Amino acid sequence: MTLYIGREAPKLWRRICMETHVELQLFMEKWKLLLAGLIFQYIHGLAARGVHYLHRPGPTLQDAGYMILPVHASALSELPAMLNEMSELGKERGYVSESLFTFIFLSFILWTFHPFVYHSKRFYTVLLWRRILSFLVASQALRIITFYSTQLPGPNYHCREGGELARLPPPESVTEVLLINFPHGVIYGCGDLIFSSHMIFTLVFVLTYHKYGTKRFIKLLAWVLAIVQSLLIVASRKHYTVDVVVAWYTVNLVVFFVDKKLPEMPERSNGSQPLLPYVKDKDEKSREDHHKLLNGNSVDTADWRQRLQVNGKHGEDGNHIHSESVANGA
């Protein structure tokens, strides 16, 4: 076992160094787009913080999800008590929804960096995150428009009447707003409801893995986790059901249309392929064609014709070459 680790460690390190070199080159080309996407994440957080100042608590709106998920013990008299506890997570169990979201978030980030380690590589990490940030920015821009259009009374426990964070006093300075009280201000926000930010990230991640991932079981598991995440968000009263429903069709449509506008990423089906496009010289191309001929594979005749012309031989027509050889007594 120790011998195997000692033999594979240098190979792994070389692979990481090579991949890092390639990704850095791509990053130097695409850093402006990546930086713009990251800056918009802050703008989105700033907008969510700003709408919190406009939030006014009120009675929780009638919600189909709240009615479907039973919350009264009388409706569950014949079912186990544990099911009654799960119907509404309550203030004390709100961490369940956040824990699942954290698991999805971290798992996806680790997966996007797996080309640095594994032989099997289907994408470049920089190019993949460029697409992901494009999806997030488009979805979050729509989200900002909707939750500023109409402020709804927050259903979360700290957003209800009497909650300490239900109303925020006017800011004393611009700095107070710009700092957004991170991370407390992000976790305990109010007013940024339609549509769910947690579902934006979850669905973008799931859709991305569905397209570029390779494990069918994980794809199925990802969709199941997205559905469970939706139910937990409603059960923890962090959003109304409409916030989750709108996120499901809006994010899918955004990813569909934005993905069509972006150039498709180069396919990396084999780790032995060149990591960056390069121009083959004449000798290397000749060796490759010779190797194809030895293996019984066809070679592009147009390519051979061009190469013969470069070498000063007339090869536009195979019959002409044959006739010329006959005339010479061959």
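Before reading further, recall that the structure is shown in the block above.
Residues numbered from 1 in each chain as written. Predicted model: local features only at pLDDT ≥ 70, side-chain atom pairs only at ≥ 80, totals over all residues. Heavy atoms only, no water.

## Some remarks on the side chain of Gln140
With respect to the helices and strands, Gln140 occurs in helix α5 (residues 125-149). You can call Gln140 buried: its relative accessible area is 0%. Separated by 2.9 Å, the side chains of Gln140 and Gln41 make a polar contact. Excluding its chain neighbours within four sequence positions, the residues that come into contact with Gln140 are Phe40, Gln41, His44, Ile200 and Phe201. (Helix = DSSP H or I, 4+ residues; strand = E, 2+ residues; numbered from the N terminus. Buried < 20%, exposed > 50% of the residue type's maximum accessible area, 1.4 Å probe, protein only. Polar contact = N/O pair within 3.5 Å; in protein donor to acceptor, adjacent residues only side chain to side chain. Contact = heavy atoms within 4.5 Å.)

## Section: the side chain of His44
Among the secondary structure elements, His44 is positioned in helix α1 (residues 2-54). Residue His44 is classed as buried on the basis of its relative accessible area of 8%. Side chain to side chain, His44 and Arg143 meet in a polar contact 2.9 Å long. Not counting residues up to four positions away in its chain, the partners in contact with His44 are Gln140, Arg143, Ile144 and Ser197.

## Digging into helix α9 (residues 216-235)
With 20 residues, α9 extends 29 Å between its outermost C-alpha atoms, agreeing within 8% with the 28 Å of an ideal straight helix rising 1.5 Å per residue. Positioned one or two residues after α9, Arg237 has a phi angle of 60 degrees, which is positive. (Expected span 1.5 Å × (residues − 1).)

## Things to note about the environment of Ile132
Positionally, Ile132 belongs in helix α5. Every residue in contact with Ile132, bar those within four places of it in the chain, is listed here: Phe108, Thr112, Val204, Phe205 and Thr208.

## Examining a nonpolar patch on the surface
On the surface, Phe27, Met28, Trp31, Leu35, Ile39, Tyr42, Ile43, Val174 and Leu178 cluster together into a nonpolar patch covering about 840 Å² of accessible area. Contributing elements (two or more residues each) for the nonpolar patch: α1 and α6 (174-178). Residue position: Ile39 is located in helix α1. For Ile39, a relative accessible area of 43% corresponds to the partly exposed category. (Patch = residues over 30% accessible without salt bridge, like charges linked within 9 Å, V, L, I, M, F, W, Y side chains within 5 Å. Areas by Shrake-Rupley, 256 points an atom, 1.4 Å probe, with all protein chains shown as cover. Salt bridge = Lys/Arg side-chain N within 4 Å of Asp/Glu carboxyl O.)

Don't take any of this as a statement about function, it's just geometry.
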